[in-house]
Amino acid sequence: MSRSISQGAVKQEKVVNLRDCGPEGCDIDWLSSQKHEVEVDDVMAFTEEATARGWGDGLPLIPPTEARVRQFLSKNNRYADEVICTLPPADGECTVEKIAINAVMAGASAESLPLLIAALEAMGDPDFELFGLNTTTAPVLPLTVVNGPVRERLDIPYRHGCLGGARTQAVAIGRALRLVIRNVAGQEANVTSQTTFGSPGRIGGILFGEWEERSPWAPFAERRGVQGDAVSVYGTMGTMNIIDTTSTRGPEFLEMIGKSLGYPGANGYSPAMPFAEMMVAINPVWAEIIHRDVPSLEDVQEIIWTNTGIDADRLLPKHREQLEAQDRIIGGRAYVSVEPKDVLIVCCGGTGGLHATGFHSFGSCITQTRAIVPGPQEG
Amino acid sequence: MAIGSVLDPTALRADDITSPGPEAGPLAGKTVGFRLDEIWRAWDWMAEIWGEEFRKAGAEVKMWRSHQGRTGAAGERVAAELDAFLESIDIAVVGLANCGSCTGWTVRDALAAAEKGLPTTAVCTEVFEELAHNLARRGGRSGLRLHVLPYPLNEKEHDEVAAVARAHFDGLLDAMGVGAAALKEAAV
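All values reported here derive from a predicted model rather than from experimental measurement. Every chain is numbered on its own, with residues counted from 1 as its sequence reads. Ligands are numbered from 1 and chains lettered from A, in the order in which they are written. Note on the predicted model: pLDDT of at least 70 is required for a residue's local features to be given, and 80 or more for side-chain atom pairs to be given and counted; whole-chain, interface and lining totals, by contrast, use all residues. To get the side-chain values, take all heavy atoms of the structure and skip hydrogens and water.

Secondary structure assignment for chain B yields seven helices and six strands. To qualify as a helix, a DSSP run of H or I must reach at least 4 residues; to qualify as a strand, a run of E must reach at least 2; elements of each kind are numbered from the N terminus. Each helix and strand of chain B, ordered N terminal to C terminal, gives the series β-β-α-β-α-β-α-β-α-β-α-α-α. We compute the radius of gyration from the C-alpha atoms alone; for a globule the expected value is 2.2 Å times N to the 0.38, where N is the number of residues. The globule rule puts the C-alpha radius of gyration for 188 residues at 16 Å, and the 18 Å found for chain B is close to it. For chain B, with 188 residues in total, the buried portion stands at 56%. Across chain B, every contact between residues at least 6 apart in sequence was considered, and the portion connecting residues at least 24 apart equals 76%. Relative accessible area decides the class of each residue, using a 1.4 Å probe on protein chains only: under 20% of the type maximum gives buried, over 50% gives exposed, and in between gives partly exposed. Any two residues whose heavy atoms approach within 4.5 Å at even a single point are treated as in contact.

Written as structure tokens, this is what we have:
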């Protein structure tokens with residue numbers, strides 16, 4: 001990697017590695033963020049100060065000292081001033097430096113930077129519609145699914161308690177994403193976000209892996225064209241549990257899932273949203289049975305989707321009329337998504353089975369998948 | 001206690017246009033464009049009532065309905081339609097900021113109109129006024145003209161909404177920079 005560097009009047013080409021530029025600093029100051037003099041040895045004092053400045057979520061924050069940020073960056077061969085994307089509604093430039101600062105505050109490891117970059121790049125895609133997601137009255141937040149060997153390297157949970165509660169420092173990665181949304185995208189409740197209730201997920205995020213080794217289907221990202229280490233971001237309203245202690249056959253599980261997902265107050269049935277996706281996490285026990293009985297993933301999507309149909313007569317007349325005007329009543333029924341292909345299936349969770357999780361979508365966000373790319377090699 | 005320096009984690013833009021932009025001025029012979037949406041029927045009713053008043057003052061009125069879908073092929077189509085709509089009008093009235101995401105898109109579309117140099121007024125309900133101001137500021141144009149309606153609005157029946165439209169018409173004219181007296185003279 002080379003870059004033209006201005007040093008006084010002399011302009012020269014130099015191979016630059018941030019590894020040259022460790023915690024003690026270096027000849028060229030790549031860090032451009034404003035510096036603030038604050039208490040740095042006392043986490044609680046810093047957290048109080050940072051919260052007052054609007055930087056935090058209320059939980060303890062690690063002071064992002066220059067040394068800590070430089071050390072974080074020194075383990076990643078990326079230019080600090082590289083702009084990954086702009087994030088609405090503030091349209092702040094999301095640079096590698098800003099990601100590093102927020103990751104340090106959240107307690108995320110330096111090794112998580114490539115994942116953070118990929119996830120934020122995905123969120124910054126206009127088709128993800130982060131603008132509406134960040135400003136809405138809804139409790140929506142970006143959910144991040146991780147695929148590939150990086151799950152093990154970063155201890156991303158994909159088994160028991162993968163959506164929350166598993167013992168892993170990876171929870172700090174989700175929090176780092178949330179802090180970037182707060183500090184770079186500028187999302188703040190009752191300032192730029194009108195979220196009526198918010199969500200617990202807006203603190204630590206929802207970040208989990210797919211249990212690829214137990215999934216009967218190709219990895220989620222691979223089905224979307226990206227092999228290996230990858231992230232997919234999806235705008236979710238939160239988690240919805242579906243219990244089934246009676247079914248024994250694949251179609252029965254799928255019917256139970258589909259019927260549970262269908263309710264008029266879900267965004268997928270709202271005339272305010274033009275379309276929606278519907279993500280479902282299926283535990284590996286059910287996944288095996290479902291795959292045995294319904295081998296085609298397209299058929300799995302179709303069965304779930306068909307069962308999300310709500311009799312239009314159950315809807316309030318004004319609601320039904322608006323959906324009818326949008327041609328969204330099909331054969332007298334309203335469905336959670338426009339097409340079965342928008343039912344997105346991932347396999348994860350513990351081997352106790354018995355539960356699936358539905359992630360109703362905000363609508364209008366189109367799921368984005370990106371490869372997790374390590375920085376260029378040194379040299 | 002040790003004082004040291006930390007790096008600022010925020011990246012909010014510093015540039016800001018505080019001017020409200022050009023006034024709409026006399027309406028005769030101009031085209032006033034209403035940006036509608038797919039959600040708020042009350043906003044449709046208000047636009048019809050206000051539009052009729054503008055016609056009486058000699059203006060042509062155009063309506064364009066935004067689509068909530070701003071992504072994928074639908075999003076590209078909406079963006080192209082918005083651009084064509086803004087090119088076809090002289091004055092923009094953009095609404096309705098009556099929920100979180102629709103306040104976001106109302107302000108964003110209003111900023112697009114203002115960027116084209118059009119006299120532009122965004123319309124919001126009072127619950128969403130602060131959000132609209134904040135988003136306009138973060139969009140780099142804190143001076144964006146804003147007209148505020150009571151809340152709740154969409155929950156009202158047609159006659160009630162019509163009363164709100166009449167009661168807030170002079171306020172709209174002030175926000176647009178028309179001048180109620182000039183409008184009444186033109187209508188005579």
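Residue and element names in this part refer to chain B. Here, a disulfide means two cysteine sulfur atoms that sit within 2.5 Å of each other. Applying the stated criterion to the full structure yields one disulfide over all chains. Left without a disulfide partner, Cys-124 is nearest to the cysteine sulfur of Cys-102, which lies 11 Å away. Cys-124 sits in the buried class, given a relative accessible area of 0%.

Another point: the interface of chain A and chain B. Between chain A and chain B, the contact holds 52 residues from the first and 35 residues from the second. Approximately 3600 Å² of surface area, both sides summed, lies buried where chain A meets chain B, with 58% of it carried by carbon and sulfur atoms. Should a side-chain nitrogen of Lys or Arg be within 4 Å of a carboxyl oxygen of Asp or Glu, the pair is scored as a salt bridge. The tally of links between chain A and chain B comes to one salt bridge. A 3.5 Å cut-off defines polar contacts: any pair of N or O atoms within that distance qualifies, except that in protein one atom must be a possible hydrogen donor and the other a possible acceptor, and neighbouring residues in sequence count only when both atoms are side-chain atoms. The interface formed by chain A and chain B includes 18 residue pairs in polar contact (both at pLDDT 80 or more). Contributing elements (two or more residues each) for the side of chain A that touches chain B: strand S3 (35-39), helix H2 (66-74), strand S5 (92-95), helix H3 (96-106), helix H5 (130-135) and helix H13 (317-325) of chain A. What counts as buried area is the accessible surface, traced by a 1.4 Å probe, that two parts surrender upon association, with contributions from both included.

So, on to the layout of surface pockets. Rolling a probe over the atoms, with the probe sized like a water molecule, indicates the empty space that remains. Only protein atoms enter the 1 Å grid used here. Points where a 1.4 Å probe fits but cannot escape make up a cavity, open sets with protein on both sides within 12 Å along at least five of seven lines make up a pocket, and a residue lines them when an atom lies within 4 Å of a point. Grid points are joined across faces, edges and corners, and a volume is the space filled by probe spheres set on the points. The computed volume of the largest pocket comes to approximately 860 Å³. Along the wall of the largest pocket there are 27 residues; nearest its centre are Ser-270, Pro-271 and Ala-272 of chain A together with Ile-39 and Trp-40 of chain B. Among the elements that make up the lining of the largest pocket, the one with the highest residue count is H13 of chain A (four residues). Any residue outside Ala, Val, Leu, Ile, Met, Phe, Trp, Tyr, Cys, Pro, Asp, Glu, Lys and Arg is labelled polar, Gly included; the first ten of those are nonpolar and the last four are charged. For the lining of the largest pocket, the per-class residue count stands at twelve nonpolar, eleven polar and four charged.

Residue and element names in this part refer to chain A. Pairing in this open sheet of four strands is mixed, and the strands run S9-S15-S10-S14 from one edge to the other. Of all the strands in the sheet, just strand S9 (240-243) and strand S14 (343-347) have a single pairing partner and so form its edges. Neighbouring strand axes in the sheet, compared pairwise and without regard to direction, differ in orientation by 25° on average. Strands qualify as paired when DSSP identifies two bridges or more between them. Relative to strand S15 (residues 355-360), S9 runs antiparallel, the two being bridged by four bridges. Think of each axis as a best-fit line through the C-alpha atoms, taken over the contacting stretch in the case of a helix, with angles from 0 to 180 degrees between the N-to-C directions.

Bringing the UniProt feature "domain: UGSC-like" (unreviewed entry) in chain B into the picture now. Sites flagged by UniProt as "domain: UGSC-like" (unreviewed entry) map to residues 6-175 of chain B. End C-alpha to end C-alpha, residues 6-175 of chain B measures 43 Å, and it is 44% helix and 19% strand. UniProt positions are given in the numbering used here, feature names are shortened, and annotations may be inferred rather than shown by experiment.

As a further point, take the pattern of salt bridges. Scanning the model with the defined rule gives 25 salt bridges over all chains in all. Glu-339 of chain A is the partner of Lys-341 of chain A in a salt bridge, and the nearest nitrogen-oxygen pair spans 3.8 Å. The salt bridge involving Arg-141 of chain B is made with Glu-115 of chain B; its shortest N-O contact spans 2.9 Å. Within this pair, whereas Arg-141 of chain B is found in the loop between helix H4 (129-138) and strand S6 (145-149), its partner Glu-115 of chain B is found in helix H3 (residues 100-115), the two being separated by 26 residues in sequence. What makes Arg-141 of chain B buried here is its relative accessible area of 10%. The exposure class of Glu-115 of chain B is exposed, given its relative accessible area of 55%.

Attention now goes to the sheet that holds strand S6 (residues 141-147) of chain A. Residues and elements named next belong to chain A. Read across the sheet, four strands follow the order S7-S6-S8-S16 without closing on themselves; strand pairing throughout is mixed. Because the sheet does not close on itself, it has two edges, and the strands there are strand S7 (206-209) and strand S16 (368-371). With strand direction ignored, the average angle separating the axes of adjacent strands in the sheet is 20°. Relative to strand S8 (residues 230-236), S6 runs antiparallel, the two being bridged by seven bridges. Paired with Leu-141 across the two strands is Thr-236, which belongs to S8. Relative to S8, helix H4 (residues 113-123) is tilted by about 45°, and along the sheet it contacts S6, S7, S8 and S16.

A word on the nonpolar core. Nonpolar cores are built from buried Ala, Val, Leu, Ile, Met, Phe, Trp, Tyr and Cys residues. Side-chain atoms within 4.5 Å join them into one set. In terms of nonpolar packing, the biggest core is built from 99 residues, with Phe-34, Trp-43, Trp-50 and Phe-54 of chain B touching the most fellow members. With nine residues, the single largest contributor to this core is H4 of chain A. In this structure Trp-43 of chain B touches Phe-34, Arg-35, Leu-36, Asp-37, Trp-50, Val-93, Val-94, Gly-95, Leu-96 and Val-123 of chain B, once residues within four positions along its chain are discounted. Membership of the second largest hydrophobic core comes to 30 residues, among which are Met-278, Ile-289, Ala-334 and Ala-356 of chain A.

Looking now at the packing of aromatic side chains. Here a pair means two rings of Phe, Tyr or Trp (six-membered ring of Trp) with centres within 6.5 Å. Their orientation is stacked below 30 degrees between planes, edge-to-face above 60, and tilted elsewhere. Tallied over the entire structure, the rule returns twelve aromatic pairs over all chains. Between Phe-208 of chain A and Phe-359 of chain A, the ring centres sit 5.8 Å apart and the planes meet at 15°, which makes this aromatic pair stacked. On the criterion of sequence distance, the pair formed by Phe-208 of chain A in strand S7 and Phe-359 of chain A in strand S15 is long-range, its members being 151 residues apart. One aromatic cluster is present, formed by Phe-34, Trp-43, Trp-50, Phe-54 and Phe-169 of chain B through successive ring pairs. When the ring centre of Trp-211 of chain A is taken as origin, the NZ or CZ atom of Arg-159 of chain A, which lies over that ring, is 5.5 Å away. Should the NZ of a Lys or the CZ of an Arg lie within 6 Å of a ring centre and within 35 degrees of the ring normal, that charge is described as sitting over the ring.

Residues and elements named next belong to chain B. Locating Ile-17 in the fold gives a position in the loop between strand S1 (3-7) and strand S2 (31-36). The class for Ile-17 is partly exposed, based on a relative accessible area of 36%. When the C-alpha positions of Ile-17 and Glu-115 are compared, they lie 11 Å apart, and in sequence the two are 98 residues distant.

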